[in-house]
Amino acid sequence: MITEQEHTNALLRADNLVRTFQAGREGLFGLFGPRREVRAVDGVSFSIMPGEALGLVGESGSGKSTVGNMISAQILPTEGEVYFEGRRLHDEALPRVRRREEMRHLRRNLQVIFQDPAGTLNPRLAIGEQIAEPLRIHGEKDARLLKQRVAEALLQVGLNEDMASRYPHELSGGQRQRAVVARALITRPKLIVCDEPTSALDVSIQAQVVNLLGDLKAKTGISYLFISHNLGVVRTVCDRVAVMYLGRVVEEAPVDELFSHPEHPYTRALLEANPIPVPGLRSQTPPLRGEPPSPLDVQPGCRFLERCPRAHERCRRLAPELKRIRRSRTFSEPVHLVACHYPETDRSVFQESLS
Amino acid sequence: MNNASESAATAMTTPRSDASLFSPKHCGMNTEPDLSEDEDFHCKPPVRYPLLVVAGAVFLAVLFLCGLFAEQLAPAGYAAQDLAARLSPPVWLGGKSGLLGTDFLGRDILSRLLYAIRISLLVAFAGTLISCTLGTTLGFLAAHKKGWVDEFIMMLIDFQASMPFVLIALAILAFLGNSLGLFIAVMGLNGWERFARFTRGLARSASARGYVNAVRVMGASPLRIYFKHILPNIIGVLIVQFTLNFPSTVLLESSLSFLGLGIQPPLTSLGAMLGEGRNYLINAWWISVAPGAVIFCVTLSACILGDWLRDRLDPTLR
C-alpha cells in the first residue's frame, strides 16, 4: 500500500518482489520427480524515503537478507521490480550500455554493510586502501584527493586518521566495523543496506556502531535499509519497521507505533520474546510454540496459522493481505499496515466473526 | 647486491600498482619509547633477516652478476680450446691451467661455468615466469568462468600432469627445431598446471569470502577482484610454488641439454656441462662437480628465499 506521493519521491521502491530458489528433487535419492522451489521471498513491497531508515526484522529464514540482496543487486528478483531514485533496475527494455550505466549509478549511491566486519575486510590490504577502493572502482585516481577523502571518512566514523596504514587484524572488532562503515560512506551514498550489521559484535560494541549509524543519519541525511533480528537495535536506528514472516511482510508501521501497538500476533510474540532486563520480571504471555513451516510447501491460508494463538477458520481459507488499519477516524493517525484477519486492537472484527 | 635481488624478487611477484598509498610506518628501535599503548601497537617490529636467507640472497645475486658480466669475468672464451691442456685438474690441485681445471677439449671450466650460469638462469627464470603467469591466468579464468571453460582448463591440467613433460618437450623440440626462444617457451610450459591448480582452488575459496563479495557489491570488475583483491591473498602459495618450479626448470633444462635437444654446443648451460662431464666422472670429476654444485646451491637458495618471502608477505605473520 503505497501512496501516490511516495511513488514519485521514494528513494527506493520495491514492488512485489519474489525470489525463488531451486531445491533438490523429490522422490528416491532426490533424483526423480519435479524440482522443488523455495519461495524465499514472496511478494514484498516497500519504499524508503530520502533520509528515512526502514528496519526489516524477522527470524532466520524469513527472507529478509534475500530482500537486501535483491535491493543491492547481488541477486536478481524472480519477479517484481526495484526502483532506485525512480529508475528501474535490471530494466530489460534498456540497451545494454544504459543498463550498465544504471548499475554504476546504483553501485555508487547504494552501499552495503555486511554482518561480519572481519570477513568483509581483505586481510592483505591496508585499511585506508580498502576504504579508498569504492572511489577507485568509480574511476578516481588522484592520490591526494583519495587520501583526503579517506581521512574524512575515518573522521566521520570516529577513527584516527593514521588507522589508514594499518591492517584489519591490527584493529579491534568495533574499529573494524567502523572501518567498514567508513568504506560504505566514502562514495557519499544515498542509501546503505545494513545486513545484520551488529550481529557479529559483542554488546558494548553493538551500541557504539548503532549510535554511529544513528548519528550519521542525523548528520548526513542518509537512508538505511536496516536488516536485523535485534529489535532493540532497530528501535534505536529506524523510523519505520517492516516485520517479515516466511517471505512476506506481515506488518509495517512507524517504529513507535509498532512497538506500542503491535497488531499482528507474530509481531506481538516477537516483542514479547525480547528479554526484559529486570531480574525476576518475565513476560506474562507464553512464548510462541513451534517453528515456521517449511517454505517448500506453503499452504494456501495464512502462513502464521499453525502458531497463531488466535487462528480461525477464515485464516485457513484465505491468506490475509497487507492493508492499512485504523483505530480512529483521524487522518493524522500513522500509516499502519498489517496482514491479519484479526488484528490485536481491531476487537470489533474479532467479536463479530466469533458470533 | 642483497637489496637489489630482493627488490627484484618482490617487484616480480607482487603487482602492487597502487597499494603504496598507505604503506605501514616502520618504527625504528632507537626512537624514544612511547608509552601510549596505541602508538606502540602501531609500530612494526624491525624486519629480521636470518643468516641463511641473507646467504641465499647473496648467492643468487652473485650468480646473477656473474651471468650478467660473464664476458668481463671469464679468463677465456667459452669455446676457446687448448688441446695440450685437456683434462687438467684445478690449479690448486696441481693442474696446469684453469682455476677450476679444463675439460676434454681443454676449455677453461671456470669460463664455461660463467656462461652456463648466464644461459641457465635466463632460461629457468624466464621459463618459470611464463609458467607462473600462464598458470595463474588460466587458474583465475577457470575459477571465474566455471562451466565448460573450467572443465576444459581442468582437462588440460590433468593432461599436463599425467604426461611426463620431458616427452612433450622432446616432441616439440624435435619437430619444431631448436632456438633459444622456442626453448624458453617450452620451459614456460613446465609446471604451469601446478600454478593453475593452486590458483583455481585458492581463488574459488577466496571468492566465497566476505571481502570478495564486498568489493563485488561495490561494482569492481572481475579483473580487479582477481588481481588486486584475491592475488595478494594467494601470492604466498604462488611464490613458494615459484621457488619450487625454478629449480625444477633448471633440472629440466639440464636433462634436455644432456639429451642434445636443449642448449646447443658450443654454447653451454649447467645441465649441458654436467652431461658432458658424465663420461669423465672417474678420472676428471671436476668437469661435472662445479656445475653440479652450482645447481645444488641455486635450488637450495631459491627454496630458502621463497620460504622466507612467503612469511614476509603475510601481514598477519609479521
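Please refer to the structure placed before this passage.
This write-up is about the structure you can find in this document. Note that the structure is predicted; figures quoted are calculated from it, not measured. (Residues numbered from 1 in each chain as written. Chains lettered and ligands numbered in written order. Predicted model: local features only at pLDDT ≥ 70, side-chain atom pairs only at ≥ 80, totals over all residues. Heavy atoms only, no water.)

**Some words on the overall build of chain B**
Looking only at helices and strands, one finds 13 helices and zero strands in chain B. Ordered by position from N to C terminus, the α and β elements of chain B give α-α-α-α-α-α-α-α-α-α-α-α-α. Burial analysis of chain B (318 residues in total) assigns 44% to the buried set. Only carbon and sulfur atoms are counted for the fraction: they give 68% of the accessible area of chain B, which is about 15700 Å². (Helix = DSSP H or I, 4+ residues; strand = E, 2+ residues; numbered from the N terminus. Buried < 20%, exposed > 50% of the residue type's maximum accessible area, 1.4 Å probe, protein only. Areas by Shrake-Rupley, 256 points an atom, 1.4 Å probe, with all protein chains shown as cover.)

**Section: the overall build of chain A**
Along the backbone of chain A there are 13 helices and twelve strands. When burial is assessed residue by residue, chain A has 51% of its 355 residues classed as buried. Expressed as a percentage of contacts within chain A between residues at least 6 apart in sequence, the contacts between residues at least 24 apart total 64%. As displayed, chain A offers around 17000 Å² of accessible surface, 51% of which is attributable to carbon and sulfur atoms. (Contact = heavy atoms within 4.5 Å.)

**Remarks on the pattern of salt bridges**
Tallied over the full model, the rule gives 23 salt bridges over all chains. The salt bridge involving K228(B) is made with E129(A); its shortest N-O contact spans 3.0 Å. Taken together, the residues K228(B) in helix 11 (residues 222–258) and E129(A) in helix 5 (residues 127–137) connect one chain to another. Note on accessibility: K228(B) and E129(A) belong to one class, buried. D158(B) is paired through a salt bridge with R197(B); the nearest N and O atoms lie 3.6 Å apart. Taken as a pair, D158(B) in helix 6 (residues 147–162) and R197(B) in helix 9 (residues 192–207) lie far apart in primary sequence, 39 residues in all. (Salt bridge = Lys/Arg side-chain N within 4 Å of Asp/Glu carboxyl O.)

**Focus: the environment of L12(A)**
All names here are of chain A. Turning to its location among the elements, L12 is positioned in strand 1 (residues 12–25). Look at L12 and you get buried, because its relative accessible area is 0%. Taking the C-alpha atoms as reference points, L12 and P343, 331 residues apart in sequence, are found 28 Å from one another. Beyond its immediate sequence surroundings of up to four residues, L12 is in contact with F46, S47, I48, I71, V82, Y83, F84 and L191.

**A closer look at helix 6 of chain B**
Residues lying three or four places apart along an α-helix face the same way, a consequence of the helix completing one turn every 3.6 residues. Residue and element names in this part refer to chain B. Counted at 1.5 Å a residue, the expected span for helix 6 with its 16 residues is 22 Å, and the 23 Å between its end C-alpha atoms agrees. Among the residues making up helix 6, those that are buried are V149, D150, I153, M154, I157 and Q160. Taken end-on, helix 6 shows its buried residues confined to a sector of 130°, consistent with a single buried face. Seen from the open side of helix 6, the exposed residues pointing more than 90 degrees away from its buried face are W148, E151, M155 and S162. (Expected span 1.5 Å × (residues − 1). Arc of directions from axis to C-beta.)

**Overview of the packing of aromatic side chains**
This model, assessed by the stated rule, comprises nine aromatic pairs over all chains. Consider the rings of Y245(A) and F304(A), whose centres lie 5.1 Å apart with planes at 85°: the pair is edge-to-face. Within this pair, whereas Y245(A) is found in strand 9 (residues 240–245), its partner F304(A) is found in the loop between helix 11 (265–273) and helix 12 (313–317), the two being separated by 59 residues in sequence. An identical accessibility class is assigned to Y245(A) and F304(A); each is buried. Note on F140(B) and Y226(B): the rings are 5.0 Å apart at their centroids and 40° apart in plane angle, and the pair reads as tilted. Note that F140(B) is positioned in helix 5 (residues 109–145) and Y226(B) in helix 11, a separation of 86 residues in sequence. (Phe/Tyr/Trp six-rings, centres within 6.5 Å; stacked < 30°, edge-to-face > 60°.)

**Details of unusual backbone geometry**
Residue and element names in this part refer to chain A. Positive phi values are uncommon outside glycine, yet A73 reaches one of about 55°. On the secondary structure map, A73 appears in the loop between helix 2 (64–71) and strand 4 (79–84). What makes A73 buried here is its relative accessible area of 11%. Backbone geometry at E85 places phi at a positive 50°, although glycine is not the residue there. Along the chain, the position of E85 falls in the loop between strand 4 and strand 5 (87–88).

**Observations concerning the packing of helix 9 of chain B against helix 11 of chain B**
All names here are of chain B. In the contact formed by helix 9 and helix 11, the axes pass within 10 Å of each other and the chain directions differ by 150°. Comparing their axes, helix 11 and helix 9 come out roughly antiparallel. Here helix 9 runs over helix 11; the crossing is right-handed. Packed against helix 9, whose contacting residues are R194, F195, F198, T199, L202, A203, A206 and S207, the element helix 11 presents Y226, I230, I234, V237, L238, Q241, F242 and N245 at the interface. In terms of residue class, the contact of helix 9 with helix 11 is built from eleven nonpolar, four polar and one charged. (Axes fitted to C-alpha atoms, helices over the stretch in contact; angles between N-to-C directions. Parallel < 35°, antiparallel > 145°, perpendicular 65-115°, else oblique. Left-handed = near helix turned anticlockwise from the far one by under 90°. Nonpolar A, V, L, I, M, F, W, Y, C, P; charged D, E, K, R; others polar.)

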